[in-house]
Amino acid sequence: MTGRAYSLHGRSVPKPAMRIASGRVTLVLGGIGLLFVALVIRALYLQVAQQDFLQNQGDARFRRVLTLEATRGVIADRNGEPLAISTPVQTIWASPAGMGPVSNEQVGALARLLELSPEEVRAKFADKKREFVYLKRQISPELAEQVMALGIPGVAKQQEFRRYYPAGEMLSQVIGFTGVDGKGQEGLELAREKMLAGQSGSRVVLKDRRGYIVEDLAAIERPRDGQTLTLSVDRRLQYLAYREVKGAVEANKAKAGAAVVLDGRTGEILALANYPSFNPNNRMQLEPEMRRNRAVIDMFEPGSTMKPFPVAMALENGKARPTMLMDTNTYRIGPATVRDTHPKPLMTVTEVIQKSSNVGSSRLALQFTPEQMWTFYDAAGFGRNPHAGFPGEVGGRLRDWKGWRPIEQATMSFGYGVSVSLLQLARAYTVFTADGNLLPVSFTRISAPPPGRPVIRPDTARQMREMMTTVTQVGGTGTRAQVLGFNVGGKSGTARKLVGGRYVADKHIGMFVGFAPATRPRLIVAVMVDEPKGGSYYGGTVAGPAFSAIMGGSLRVLGEEPDNPANNTLIPVDRLPEVREET
Amino acid sequence: MLNAILLVVLVLCAMSVVTSQHMARKLYIALEKEQKRARAYEIEHGQLLLEQSTWGAQAVIEKVAADRLGMHAPVPREIQVHGVAGARP
């Protein structure tokens, strides 16, 4: 306060500025100082102690880690035709938590496009706590555009991949399918999951307010796309096999059927068809019966298709020759009798195969000890897993020779008492087509023919092929399996089925396994018809026509040169009596 | 005098830094665009493969050949097989 002081002299002098009480100043300054210190401490605290938290918050506003999805590998046939391929589809989702009220007509339009009822759509929007709910998964991009054009806030689309199977029901059990999450669930999609799935990558980016990517913050981890799986299957042969198996099952009113086509020189599986089958693109009603890959996972007793093996064993060890005569009268082993339905007192070894004689094959087999016979069968792949690469494939059953009784050794020579899968049976016939070697079977295309394991000499294999060619000629049990222009060798089989441990007379499996051209075999085809009920149940009759169509068509597709061009007339099978084989 | 020159140099450097960063951002955006196109082409390739195999499916062709064109595979009576002269037996 500046006032004028009045001194004793009477003159006014300006009073010196009033001095503020120093206590108050100190107090105020001290208070400000303290506040300042507090500010500094807070700043230090934020910078040092809370740095991570605040940095994270900052990143959360702009920094994003994007997953780069890997494309699932294509499954292709041996010629590069796609059998399983992923294609992008759209998924519509909504975020109810941030949505305002939606008008009834918008809900109606949305429901109409997505083929849902308006009540269902409302129900999905109702739960306001959820931030993410699927409205419709895997719809076409065009439909997704229409949905987005409605402009309902809170509804968005997302790209997903969906697997398509161009081969449809032809090869469905072998390829299998993926689940909704894109992982293989069955078949080769499951067995080769790691190879097909690849590995997803990631990017760390900075996004601006509008969502555009502005900068990469770290090195991009590129995704590793899944590799292409090239199968050994030929789509054209597969179509043929499936069509014929389906036809055979329907014509014979059978329960099921299967066929395998193998390359006789490399062991590659060129076709593998099962019926009943399903469409993997539309798995709405899927029964377990349709999903079974019967040719690989179902076991059955092979019946007469086994007979070439004891004969080969006898030939290999010098105990028989193709023209050797044999006593084929009914005989007994202990309490059991081994008989042929159409007995002949004398047959050549060739006729044993042509007419399919139980007596003949068992007499040849009984010349060996159980151990010798077991070793031969084991060498031919019976009782061993074929390791083709399919999940759940079976190795059949070949009991330890120590437990064999003579009658069992006899029945095993004509295919009872041992179990095989159709793939195993087809594979065993590579012994006859690959110069005596048993080849490994493969679902994937191979570049060089595999070495194989020697079972019989090449000469024995040639003799066996010649003997088996008589089966498809007049007098044989497989005349329906003949193919115009080619020599076809093979063996028919009709096996009674076991029900509850007993053989029943009204359930059979009709089979035919063969190869062509018999002089230089290119293909092995094995056809099996389960429980034919349309009249005849013999393998030559029910499986023979399917075999002929598959073999003939396949050889023509592959451009194989006919090895018997003089054979221009088919045996009129409809006018000849059926040569019934022994069951 | 020296100060003036250095100032000019400094300004030039600063402007070149700004320009480089701007060019880098533009190129980056162009790269993103091209990569997106490449991905779209790959996807389209897959879709076309799928379409081709669907139209070329044996079942479809057989149906078209039988229904629309009235064709059938020759029956054995219509086939005559000839060997190549001098071929192996």
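Just so it is clear, the structure is predicted and the values come from calculations on it, not from any experiment. (Residues numbered from 1 in each chain as written. Chains lettered and ligands numbered in written order. Predicted model: local features only at pLDDT ≥ 70, side-chain atom pairs only at ≥ 80, totals over all residues. Heavy atoms only, no water.)

Caption draft 1: Seen up close, the overall build of chain A. Secondary structure summary: chain A contains 21 helices and 21 strands in total. Dimensions along the principal axes, computed over C-alpha positions, put chain A at roughly 170 × 55 × 50 Å. Per-residue burial for chain A yields a buried fraction of 49% across its 583 residues. Split by element, the accessible area of chain A, about 27900 Å² in all, is 53% carbon and sulfur. (Helix = DSSP H or I, 4+ residues; strand = E, 2+ residues; numbered from the N terminus. Buried < 20%, exposed > 50% of the residue type's maximum accessible area, 1.4 Å probe, protein only. Areas by Shrake-Rupley, 256 points an atom, 1.4 Å probe, with all protein chains shown as cover.)

Caption draft 2: Region of interest: the pairing of strand 11 (residues 256-263) of chain A. All names here are of chain A. Counting buried positions over the eight residues of strand 11 gives eight, a clear majority of the element. Burial of the side chains of strand 11 extends over both faces: Ala-256, Ala-258, Val-260 and Leu-262 are buried on one face and Gly-257, Ala-259, Val-261 and Asp-263 on the other. Note that strand 11 and strand 12 (residues 269-275) share six bridges and pair antiparallel. Bridge pairing in strand 12 links Val-261 to Ala-271. Linking two consecutive strands that pair antiparallel, namely strand 11 and strand 12, is a turn of five residues; a positive phi of about 75° is found at Gly-267 within it. (Pairing = 2+ DSSP bridges.)

Caption draft 3: Quick look at helix 9 (residues 235-251) of chain A. Residue and element names in this part refer to chain A. Its 17 residues place the ends of helix 9 24 Å apart at the C-alpha level, agreeing with the 24 Å of an ideal helix rising 1.5 Å per residue. All of the buried residues along helix 9 are Arg-235, Leu-237, Gln-238, Tyr-239, Leu-240, Ala-241, Tyr-242, Glu-244, Val-245, Ala-248 and Val-249. Following helix 9 by one or two positions, Lys-253 has its phi on the positive side, about 50°. (Expected span 1.5 Å × (residues − 1).)

Caption draft 4: Molecular detail of the interface of chain B and chain A. Taken together, the contact pairs 26 residues of chain B with 30 residues of chain A. Carbon and sulfur atoms supply 54% of the area that chain B and chain A bury against each other, a total of about 2300 Å² over both sides. Counting across the chain B and chain A interface gives two salt bridges. Of the charged contacts, one joins Arg-243 of chain A and Glu-62 of chain B as a salt bridge, the two residues approaching to 2.1 Å between their closest N and O atoms. At the junction of chain B and chain A, the tally comes to five residue pairs in polar contact (both at pLDDT 80 or more). (Contact = heavy atoms within 4.5 Å. Buried area = accessible area lost by both parts, 1.4 Å probe. Salt bridge = Lys/Arg side-chain N within 4 Å of Asp/Glu carboxyl O. Polar contact = N/O pair within 3.5 Å; in protein donor to acceptor, adjacent residues only side chain to side chain.)

Caption draft 5: Structural view of the confidence of the model for chain A. Put simply, chain A has an average pLDDT of 88, and 94% of its residues get 70 or more. Of all the helices and strands in chain A, strand 1 (residues 4-6) of chain A carries the lowest mean pLDDT, 57, while strand 11 of chain A carries the highest, 97. (pLDDT = per-residue confidence, 0-100.)

Caption draft 6: Molecular detail of the pattern of salt bridges. Residues and elements named next belong to chain A. According to the stated counting rule, one finds 30 salt bridges over all chains in the structure shown. The closest approach of N and O atoms between Arg-78 and Glu-268, which form a salt bridge, is 3.3 Å. Highlighted residues: Arg-78 in the loop between strand 4 (75-76) and strand 5 (82-94) and Glu-268 in the loop between strand 11 and strand 12, separated in sequence by 190 residues. Salt bridges here are not isolated pairs; linked through shared partners, they connect Lys-497, Lys-507, Asp-530, Glu-531 and Lys-533.

Caption draft 7: Representation of the side chain of His-508 of chain A within the structure. All names here are of chain A. Here His-508 is to be found in strand 20 (residues 502-516). Overall, the relative accessible area of 3% leaves His-508 in the buried class. The contact partners of His-508, leaving out residues within four places of it in the chain, are Thr-494, Ala-495, Arg-496, Lys-497, Val-529, Asp-530, Glu-531, Pro-532 and Tyr-537.

Caption draft 8: Region of the structure containing the nonpolar core. Residues and elements named next belong to chain A. Formed by 119 residues in total, the largest nonpolar core has its most connected members in Phe-309, Phe-382 and Phe-432. Ignoring any residue separated from it by four or fewer positions in sequence, one finds Phe-309 in contact with Phe-376, Tyr-377, Ala-380, Phe-382, Ala-428, Tyr-429 and Phe-432. Counting residues in each nonpolar core, the second largest holds 18 residues, with Ala-94, Met-99, Val-107 and Leu-110 among its members. (Core = buried A, V, L, I, M, F, W, Y, C linked by side-chain atoms within 4.5 Å.)

Caption draft 9: Representation of the packing of helix 3 (residues 104-114) of chain A against helix 4 (residues 118-126) of chain A within the structure. Residues and elements named next belong to chain A. Two elements in contact, helix 3 and helix 4, have axes whose closest approach is 9 Å; the angle formed by their N-to-C orientations is 110°. Considering their axes alone, helix 3 and helix 4 lie roughly perpendicular with respect to each other. Seen from above, helix 3 lies across helix 4 with right-handed handedness. Taking contact as the criterion, the partners of Asn-104, Val-107, Leu-110 and Ala-111 in helix 3 are, on helix 4, Pro-118, Val-121, Arg-122 and Phe-125. (Axes fitted to C-alpha atoms, helices over the stretch in contact; angles between N-to-C directions. Parallel < 35°, antiparallel > 145°, perpendicular 65-115°, else oblique. Left-handed = near helix turned anticlockwise from the far one by under 90°.)

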